[in-house]
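# What the coordinates show
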Amino acid sequence: MELLGWSLVILAILLLTGLIGPVLGVVLTVAALPFLLVLGAVLLPVMVVLAVVAALLGVLGLLVQWGLPLLLLGLGIWLLVRKPQRRVTA
């Protein structure tokens, strides 16, 4: 237990002085890679579906932003320039 205590004290001093921080970061990164790979494989289909939904919503937003005003403009011009139709009386 005395060896573990000294090891923890030395590790704490090295962490506080910034000497072992980068090494510990690399060790933790390498240790987390398998977990992140599995998590990425599980979440990939979800992300693909969300990307498709986002693309569809983007196209819908573009249609509402540009298509609707152009449609209303075209309808207004058509109503202004069309000739009135004659009614046929029998």
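Figured I'd write up the structure that's included with this text. (Residues numbered from 1 in each chain as written. Predicted model: local features only at pLDDT ≥ 70, side-chain atom pairs only at ≥ 80, totals over all residues. Heavy atoms only, no water.)

The next thing to look at is the overall build of the chain. A count of helices and strands for the chain gives 2 helices and 0 strands. Compactness check: the chain gives a C-alpha radius of gyration of 34 Å against a globular reference of 12 Å for 90 residues, more than 25% above the reference. Considering the chain as a whole, with its 90 residues, one finds that 0% of them fall into the buried category. With an accessible surface of roughly 8,500 Å², the chain has 81% of that area assigned to carbon and sulfur atoms. (Helix = DSSP H or I, 4+ residues; strand = E, 2+ residues; numbered from the N terminus. Rg over C-alpha atoms; globule rule 2.2 N^0.38 Å. Buried < 20%, exposed > 50% of the residue type's maximum accessible area, 1.4 Å probe, protein only. Areas by Shrake-Rupley, 256 points an atom, 1.4 Å probe, with all protein chains shown as cover.)

As a further point, take a nonpolar patch on the surface. Where nonpolar side chains cluster on the molecular surface, the patch consists of Val26, Val30, Leu33, Phe35, Leu36, Val38, Leu39, Val42, Leu43, Val46, Met47 and Leu50 and spans about 1,100 Å² of accessible area. Position of Leu43 among the secondary structure elements: in helix H2 (residues 21-81). (Patch = residues over 30% accessible without salt bridge, like charges linked within 9 Å, V, L, I, M, F, W, Y side chains within 5 Å. Salt bridge = Lys/Arg side-chain N within 4 Å of Asp/Glu carboxyl O.)

All right, on to the packing of aromatic side chains then. Following the criterion strictly, the structure yields 0 aromatic pairs and no others. Lying across the ring of Trp78, Arg82 places its NZ or CZ 5.4 Å from the centre. (Phe/Tyr/Trp six-rings, centres within 6.5 Å; stacked < 30°, edge-to-face > 60°. Lys NZ or Arg CZ within 6 Å of the ring centre and 35° of its normal.)

Moving on: H2. Given a rise of 1.5 Å per residue, 61 residues ought to cover 90 Å, yet the end C-alpha atoms of H2 are separated by just 76 Å, more than 12% below that figure. Largest kink in H2: about 40°, centred on Leu43, with the proline Pro45 one to four residues after it. (Expected span 1.5 Å × (residues − 1). Bend = angle between axes of the 7 residues up to and from the residue.)

Here we take up helix H1 (residues 2-17). Here H1 is 16 residues long and its end C-alpha atoms lie 23 Å apart, about the 22 Å a rise of 1.5 Å per residue gives. Backbone geometry just downstream of H1 places Gly18 in the positive-phi region, at approximately 85°.

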